[in-house]
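Structural features, examined
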Amino acid sequence: QVQLVESGGGLVQAGGSLRLSCVVSGRTDSTNYMGWFRQAPGKEREFVAAIGWSRGTTAYANSMKGRFTISRDSAENTVYLQMNSLKPEDTAVYYCAASMRRTGVVTATATYGYWGQGTQVTVSS
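Heads up: these notes are all about the structure in this document. Quick caveat: nothing in here was measured; it's all calculated off a predicted structure.

A short note on the sheet that holds strand β7 (residues 68–73)
A sheet is described by the order of its strands in space; here four strands give the open sequence β1-β3-β8-β7, paired in antiparallel fashion. What marks the edges here is a single partner per strand, and that holds for β1 (2–7) and β7. Across this sheet, the average inter-strand angle for adjacent strands is 15°, counted without regard to direction. As paired strands, β7 and strand β8 (residues 78–83) are joined by six bridges and run antiparallel to one another.

Regarding the side chain of threonine 78
By the secondary structure assignment, threonine 78 is in strand β8. Within polar-contact distance, the side chain of threonine 78 engages the backbone oxygen of glutamate 76 at 2.9 Å. Once you skip the residues sitting within four places of it in the chain, threonine 78 turns out to touch Ser21, Cys22, Val23, Trp53, Ser71, Arg72 and Asp73.

What counts as what
Residues numbered from 1 in each chain as written. Predicted model: local features only at pLDDT ≥ 70, side-chain atom pairs only at ≥ 80, totals over all residues. Heavy atoms only, no water. Pairing = 2+ DSSP bridges. Helix = DSSP H or I, 4+ residues; strand = E, 2+ residues; numbered from the N terminus. Axes fitted to C-alpha atoms, helices over the stretch in contact; angles between N-to-C directions. Polar contact = N/O pair within 3.5 Å; in protein donor to acceptor, adjacent residues only side chain to side chain. Contact = heavy atoms within 4.5 Å.

So this is what it looks like as structure tokens:
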């Protein structure tokens, strides 16, 4: 089992920045990928970014490239999402997710077996 706890969400003006954190506990030695997803009201959950737990390789949704950065601190069992140049359309609940699978599409929600409770990010115009 893996437990995920997100923090760092809040209200920010357009153009501002936020850093989300996700603390991972439990079977962290079996974790292969960590991902961030988001879900806006009335919309499906969408991929934001992912990182390989051991090698640190990253992947991003096209609309987040250049604005968002995913990173991890293996010693602290924490994954971060640095979000810059935020836009009102970035408003959503952001979820951290963990995958124990050795293969899978990192952009797909089905790849991830563990999810955090989510943290609200609201960007005002």
